[in-house]
Amino acid sequence: MKKIPTASRIKGAGQMGKPTPVRNLHGHVVQELGRRIVGGKLRPGEVLPREELLAEQLEVSRTALREAMKVLSAKGLVESRTKVGTRVRDPHFWHQLDADVLAWRCALMPTADFVEKLVEMREIIEPSAAASAARRCTAEQLERLDTAYAAMDTAQTLDEWAEADLSFHEAMLSATNNELMISLFSVIETALGTFFVLSARTAKNFKYSLPHHRKVLDAIRRRQPEAARRAMHRMIADSSANLSKAKRQAEKG
């Protein structure tokens, strides 16, 4: 099974679902400039330094810089114009579900607005997925869900919990037997991992949502789509309430 983001590995950094490797120079430039743009150090509308100057600042060749700019342009982060140069585009044009863009946003301290959008995304996707899994889950897929749940139950650290939690949700999406839904996981994996870590970290006991997962699992096992849908809705609502409570306490303290 592939590595998945956890509390200590959430930063990671592309094609959809696959972060840009940092093994080469242009990959390093993509990561460096991408983080600066998404983090706000390079603001929308800002024109980047001339190619030769920027290459010197980043200590890379102009060829590596050009390759990196092609990647960033494909992600919607920058655009080049004759006689103007390369400028940062408005976030409206960013490919928000690109693996790197999501990773850069999640590696920063996510804003309240971003967390609310993650909650909304989960509300749209996961209850329906749970219902579909209850209708179509195979014995092998149910075993994967059982294994992930058991790993959550026995987790001793936040990292172990977050990895098992993400495995549970991946197994649930796979159990829909909908290839589009399954492919979606690779796109939203980083965002989900970030949400689970944030939610567990702000709770007194990081296993606080285990009973909700049990109810989802039991409903899928009993092939009760609407029960699975309701259980997932309650899980998401509880996570959202937990994060909101933590936010209010932080603002008071």
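Remember, it's a predicted structure, so these values are computed and weren't measured experimentally. (Residues numbered from 1 in each chain as written. Predicted model: local features only at pLDDT ≥ 70, side-chain atom pairs only at ≥ 80, totals over all residues. Heavy atoms only, no water.)

Novice: I keep staring at the packing of helix α6 (residues 139–154) against helix α9 (residues 210–221) and nothing clicks. Help me out?
Specialist: Helices that pack against each other are described as a pair by the angle of their axes relative to one another and the distance between those axes. At a minimum axis distance of 11 Å, the contact between α6 and α9 shows a crossing angle of 165 degrees. Classed by the angle they form, the pair α6 and α9 counts as roughly antiparallel. At the point where α6 passes α9, the crossing takes the left-handed sense. For the pair formed by α6 and α9, the contact residues are Leu142, Leu145, Asp146, Tyr149, Met152 and Asp153 on the first element and Leu210, His213, Arg214, Leu217, Ile220 and Arg221 on the second. (Axes fitted to C-alpha atoms, helices over the stretch in contact; angles between N-to-C directions. Helix = DSSP H or I, 4+ residues; strand = E, 2+ residues; numbered from the N terminus. Parallel < 35°, antiparallel > 145°, perpendicular 65-115°, else oblique. Left-handed = near helix turned anticlockwise from the far one by under 90°. Contact = heavy atoms within 4.5 Å.)

Novice: It is not clear to me how helix α1 (residues 25–38) should be interpreted in this structure. Could you clarify?
Specialist: Note that an α-helix has 3.6 residues per turn; residues three or four places apart therefore point the same way. With 14 residues, α1 extends 20 Å from end C-alpha to end C-alpha; this agrees with the ideal 20 Å at 1.5 Å per step. Among all positions of α1, only Gly27, Val29, Val30, Gln31, Leu33, Gly34, Ile37 and Val38 are buried. Residues of α1 that are buried sit in contact with α2 (51–58), α3 (62–74), β1 (78–81), β2 (85–88) and α4 (99–107). Just downstream of α1 lies Gly40, where phi reads positive at about 90 degrees. (Expected span 1.5 Å × (residues − 1). Buried < 20%, exposed > 50% of the residue type's maximum accessible area, 1.4 Å probe, protein only.)

Novice: Mind showing me how you'd approach the nonpolar core here?
Specialist: In globular proteins that are soluble, nonpolar side chains generally tend to be buried together. Of all hydrophobic cores here, the largest spans 51 residues; its most connected members are Leu145, Phe168, Met172, Val216 and Ile220. If you list the elements that add at least two residues to this core, you get α4, α5 (112–136), α6, α7 (158–174), α8 (179–202), α9 and α10 (225–252). Once residues lying within four places of it in the same chain are set aside, the contact partners of Met172 are Glu126, Ala129, Ala130, Ala133, Leu145, Val216, Ile220 and Met232. (Core = buried A, V, L, I, M, F, W, Y, C linked by side-chain atoms within 4.5 Å.)

Novice: Is there a simple way to think about the environment of Asp100 in this case?
Specialist: Looking at the secondary structure, you find Asp100 in helix α4. Overall, Asp100 belongs to the buried group, its relative accessible area being 0%. Along the sequence, Asp100 and Leu72 sit 28 residues apart, while their C-alpha atoms lie 9.9 Å from each other.

Novice: Explain the side chain of His213 to me, please; I cannot follow it from the model alone.
Specialist: By secondary structure assignment, the location of His213 is in helix α9. Looking at His213, the relative accessible area reads 1%, which means it is buried. Setting aside its immediate chain neighbours within four residues, His213 contacts Tyr149, Met152, Asp165, Phe168, His169 and Met235.

Novice: Would you mind going over the pairing of β1 with me for this structure?
Specialist: Taken residue by residue, a regular strand's side chains alternate between the two faces of the sheet. As paired elements, β1 and β2 share four bridges and run antiparallel to each other. The partner of Glu79 across the bridge, within β2, is Arg87. Connecting β1 to the antiparallel partner β2 that follows it, the hairpin turn spans three residues, and Lys83 within it adopts a positive phi of roughly 70 degrees. (Pairing = 2+ DSSP bridges.)

Novice: Explanation requested: unusual backbone geometry in the structure shown.
Specialist: Positive phi outside glycine occurs at Glu59, with the angle close to 60 degrees. Tracing the chain through its elements places Glu59 in the loop between α2 and α3. What makes Glu59 exposed here is its relative accessible area of 70%. In this structure, Lys83 is a non-glycine residue whose phi angle is positive, near 70 degrees. Secondary-structure assignment places Lys83 in the loop between β1 and β2.

Novice: In this structure, what is going on with the confidence of the model for the protein? I would like to understand it.
Specialist: A low pLDDT score tells you not to read the predicted coordinates there in detail. Counting all residues, the mean pLDDT for the protein is 86, and 87% of those residues have values of 70 or more. No element of the protein has a lower mean pLDDT than α8, at 78, and none a higher one than α6, at 98. Contacts from residues 1–17, a stretch scored under 50 in pLDDT, to residues over four places away or in other chains number 51 contacts. (pLDDT = per-residue confidence, 0-100.)

Novice: Hey, could you run me through the packing of aromatic side chains in this one?
Specialist: Aromatic rings in a pair are described by how distant their centres are and how their planes are angled relative to each other. For the structure shown, the criterion picks out one aromatic pair. Relative to Phe206, the ring of Trp161 lies with its centre 6.2 Å away and its plane at 55 degrees, an arrangement referred to as tilted. Here Trp161, found in helix α7, pairs with Phe206, found in the loop between α8 and α9; they are 45 residues apart in sequence, far enough to count as distant. Considered together, Trp161 and Phe206 belong to a single accessibility category, that of buried residues. In this arrangement the basic side chain of Arg89 is found over the ring face of Phe93, its NZ or CZ atom lying 4.2 Å from the centre. Just above the ring of Tyr149 sits the side chain of Arg214; from NZ or CZ to the centre is 4.6 Å. (Phe/Tyr/Trp six-rings, centres within 6.5 Å; stacked < 30°, edge-to-face > 60°. Lys NZ or Arg CZ within 6 Å of the ring centre and 35° of its normal.)

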